[in-house]
Amino acid sequence: MDQFSESSKQIKPLAYRLRQNVRLSEKEGVLHLRLSYPLKSVMLNQFWRAVLDLLAKGPFIPLNDILSMTENRNRDDVEFFLNDLVRKGFLEQAGVAD
């Protein structure tokens, strides 16, 4: 039982960051994420600007920190949106959901 509790302490919380080959840009008031290979682009609402700026800084950002920036948004909706960007290749994910 002690072994299990020791290993559970090492589990990291769910976190995200922008992939290294993704660039955040703005054109005519519209946010764009651009993946250099394979070439992809997605347009996003300005609401996500602060979150994406944070994710672009390099280290993984815990989901709870991201949620604190997205007040009045459902946790499941934010997590689904971020996981969709992971699936499309724009973000990286680490850790596990709690």
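This one's a predicted model, so the numbers in the text were calculated from it and none came from an experiment.

Moving on to unusual backbone geometry. A cis amide bond, omega -10°, links Tyr37 with the succeeding residue Pro38. Relative to the elements of secondary structure, Pro38 occurs in the loop between β3 (30–35) and β4 (40–44). The phi dihedral of Glu28 is positive, around 55°, even though this residue is not glycine. Owing to a relative accessible area of 77%, Glu28 belongs among the exposed residues under this scheme. The residue Asn72 is not glycine, and still its phi comes out positive at about 65°. Inspection of the secondary structure assignment puts Asn72 in the loop between α3 (63–69) and α4 (75–87).

This brings us to the packing of aromatic side chains. What the rule picks out here adds up to two aromatic pairs. Ring centres of Phe47 and Trp48 lie 5.0 Å apart, and the angle between their planes is 90°; this geometry places the pair in the edge-to-face category. Judged by its relative accessible area of 9%, Trp48 is buried. Members of the aromatic cluster, connected to one another through ring pairs, are Phe47, Trp48 and Phe81. When the ring centre of Phe47 is taken as origin, the NZ or CZ atom of Arg73, which lies over that ring, is 4.0 Å away.

Once that is clear, we can look at the pairing of strand β1 (residues 15–18). Within a regular strand, side chains alternate between the sheet's two faces. Pairing of β1 with strand β5 (residues 61–62), which is carried by two bridges, proceeds in the antiparallel orientation. Among the inter-strand pairings, Ala15 is bridged to a residue of β5, identified as Pro62. Alignment of β1 against strand β6 (residues 91–94), held across four bridges, turns out to be antiparallel. Bridge assignment links Leu18 to a residue of β6, and that residue is Leu91.

Bringing the sheet that holds β4 into the picture now. Spatial ordering of the open sheet is given by β2-β3-β4, a layout of three strands whose pairing is antiparallel. What marks the edges here is a single partner per strand, and that holds for β2 (22–27) and β4. This sheet shows a mean twist of 25° between the axes of neighbouring strands, independent of strand direction. In terms of strand pairing, β3 meets β4 through five bridges, oriented antiparallel. Each bridged residue has a counterpart across the sheet, and for Arg34 the counterpart in β4 is Ser41.

On to empty space enclosed by the protein, then. Here the structure, examined in full by the defined rule, presents one cavity of 30 Å³ or more. There is about 50 Å³ of room inside the largest cavity. Every residue along the wall of the largest cavity is listed here: Pro13, Leu14, Leu63, Asn64, Arg75, Val96 and Asp98. Per-class residue counts for the lining of the largest cavity are four nonpolar, one polar and two charged.

Rules behind the numbers
Residues numbered from 1 in each chain as written. Predicted model: local features only at pLDDT ≥ 70, side-chain atom pairs only at ≥ 80, totals over all residues. Heavy atoms only, no water. Helix = DSSP H or I, 4+ residues; strand = E, 2+ residues; numbered from the N terminus. Buried < 20%, exposed > 50% of the residue type's maximum accessible area, 1.4 Å probe, protein only. Phe/Tyr/Trp six-rings, centres within 6.5 Å; stacked < 30°, edge-to-face > 60°. Lys NZ or Arg CZ within 6 Å of the ring centre and 35° of its normal. Pairing = 2+ DSSP bridges. Axes fitted to C-alpha atoms, helices over the stretch in contact; angles between N-to-C directions. 1 Å grid on protein atoms, 1.4 Å probe; cavity = no way out; pocket = protein on both sides within 12 Å on 5 of 7 lines; lining within 4 Å. Points joined across faces, edges and corners; volume = space filled by probe spheres on them. Nonpolar A, V, L, I, M, F, W, Y, C, P; charged D, E, K, R; others polar.

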